[in-house]
Amino acid sequence: MPAELSHPDTADLELAAVMHALSDPIRLQLVACLAADEGENCGELSQHIELHKSTLSHHYRVLREAGITRTTVTGRTRVMRLRYADLQARFPGLLDVVFRALADIVEDDEKWTGSPEDRAKLLAALKRPVASH
C-alpha cells in the first residue's frame, strides 16, 4: 500500500511558506513539470535538471512542507502531485498567477532551452485553468 510523508493540512498552509517555496527557480521548474505531468516520479521529474540528488531532495522537501505538493511513497518510488484543490481553497487564484508567469518564461525564446515538444506540452498545461487540472 502506498505510504505518505507528512504534509500540512489545507487550513495550515501559510502564504509566506508557499511564496518562499515558489521563490526558487528550480522549484518553479519542478512545479511547471508537475503541471504538465501530474503524478510524476521524482526521478523522471528531475531528469532534465542537473543538480545533485541531495539538492533535488531538498527542493522536493521544501515544496512538500510548504503544502504545494503531496508525495506518495510506494516501495522505493516517490510520486509527487501538485495540491491544486488545497491551494485553490486556501489561496484562490494563486496558482493561476504562478502558471501565467511560468508560461511567460516558457514562451521567452531567450529563457527557454528545452525542446519545442516540451515547450508545447508545458504551455498547454500552464494555460489551462487551474480548476480543470
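- Looking at an unreviewed UniProt entry, one finds the protein named Metalloregulator ArsR/SmtB family transcription factor, with Nocardia fusca as its source organism.

### Here's the deal with the overall build of the protein
Logical step 1: When helices and strands are tallied, the protein shows seven helices and four strands.
Logical step 2: Listed by position from the N terminus, the elements making up the protein come as β-α-α-β-α-α-β-β-α-α-α.
Logical step 3: Counting only residues that meet the buried cut, the protein has 41% of its 133 residues in that class.
Logical step 4: Taking the intrachain contacts of the protein between residues at least 6 apart in sequence as the baseline, contacts between residues at least 24 apart amount to 64%.
Logical step 5: Accessible surface computed for the protein: about 7800 Å², of which carbon and sulfur atoms make up 53%.

### So, the nonpolar core
Logical step 1: Among the nonpolar cores identified, the biggest contains 34 residues, and Val31, Ile68, Leu82, Phe99 and Leu102 are the most heavily contacted of them.
Logical step 2: The biggest single contributor to this core is helix α6 (residues 94–107), with seven residues.

### A closer look at the packing of helix α1 (residues 15–22) against helix α4 (residues 53–66)
Logical step 1: Relative orientation of the contacting elements α1 and α4 amounts to 155 degrees, with a least axis distance of 9 Å. As far as their axial angle goes, α4 and α1 are roughly antiparallel. Once α1 is placed against α4, the crossing between them reads as left-handed. Contacts between α1 and α4 involve Ala17, Val18, His20 and Ala21 on the former and, on the latter, Val62, Leu63 and Ala66.

### Some thoughts on the confidence of the model for the protein
Logical step 1: Confidence in the prediction of the protein, expressed as mean pLDDT, is 85, and 86% of residues score 70 or more.
Logical step 2: Per-element averaging of pLDDT across the protein places helix α3 (residues 42–45) at the bottom with 53 and α1 at the top with 97.

### What to know about the packing of aromatic side chains
Logical step 1: Throughout the structure, instances matching the rule amount to one aromatic pair.
Logical step 2: Between tyrosine 84 and phenylalanine 99 the ring centres are 6.3 Å apart and the planes differ by 80 degrees, which places this aromatic pair in the edge-to-face class. Here tyrosine 84 is found in helix α5 (residues 84–90), whereas its partner phenylalanine 99 is found in helix α6, with 15 residues between them in sequence. Accessibility assignment for this pair places tyrosine 84 and phenylalanine 99 in one class, buried.

### What to know about α1
Logical step 1: Among all positions of α1, only Val18, Ala21 and Leu22 are buried. Taken around the axis of α1, the buried residues stretch over an arc of 95 degrees, which confines them to a single face.

### Section: the pairing of strand β4 (residues 77–82)
Logical step 1: Across six bridges, the pairing between strand β3 (residues 69–74) and β4 is antiparallel. Directly across from threonine 71, in β4, lies its bridge partner methionine 80.

### Some details on the pattern of salt bridges
Logical step 1: Scanning the model with the defined rule gives five salt bridges in all.
Logical step 2: Put simply, glutamate 65 and arginine 61 hold a salt bridge, and the shortest N to O gap is 3.1 Å. Highlighted residues: glutamate 65 and arginine 61, both in helix α4, separated by four residues, approximately one helical turn.
Logical step 3: In this structure glutamate 65 comes out as partly exposed when scored by relative accessible area, which is 45%.
Logical step 4: In this structure, a network of salt bridges that share partners links the residues Arg70, Arg83 and Asp86.

So, how was this worked out
Residues numbered from 1 in each chain as written. Predicted model: local features only at pLDDT ≥ 70, side-chain atom pairs only at ≥ 80, totals over all residues. Heavy atoms only, no water. Helix = DSSP H or I, 4+ residues; strand = E, 2+ residues; numbered from the N terminus. Buried < 20%, exposed > 50% of the residue type's maximum accessible area, 1.4 Å probe, protein only. Contact = heavy atoms within 4.5 Å. Areas by Shrake-Rupley, 256 points an atom, 1.4 Å probe, with all protein chains shown as cover. Core = buried A, V, L, I, M, F, W, Y, C linked by side-chain atoms within 4.5 Å. Axes fitted to C-alpha atoms, helices over the stretch in contact; angles between N-to-C directions. Parallel < 35°, antiparallel > 145°, perpendicular 65-115°, else oblique. Left-handed = near helix turned anticlockwise from the far one by under 90°. pLDDT = per-residue confidence, 0-100. Phe/Tyr/Trp six-rings, centres within 6.5 Å; stacked < 30°, edge-to-face > 60°. Arc of directions from axis to C-beta. Pairing = 2+ DSSP bridges. Salt bridge = Lys/Arg side-chain N within 4 Å of Asp/Glu carboxyl O.

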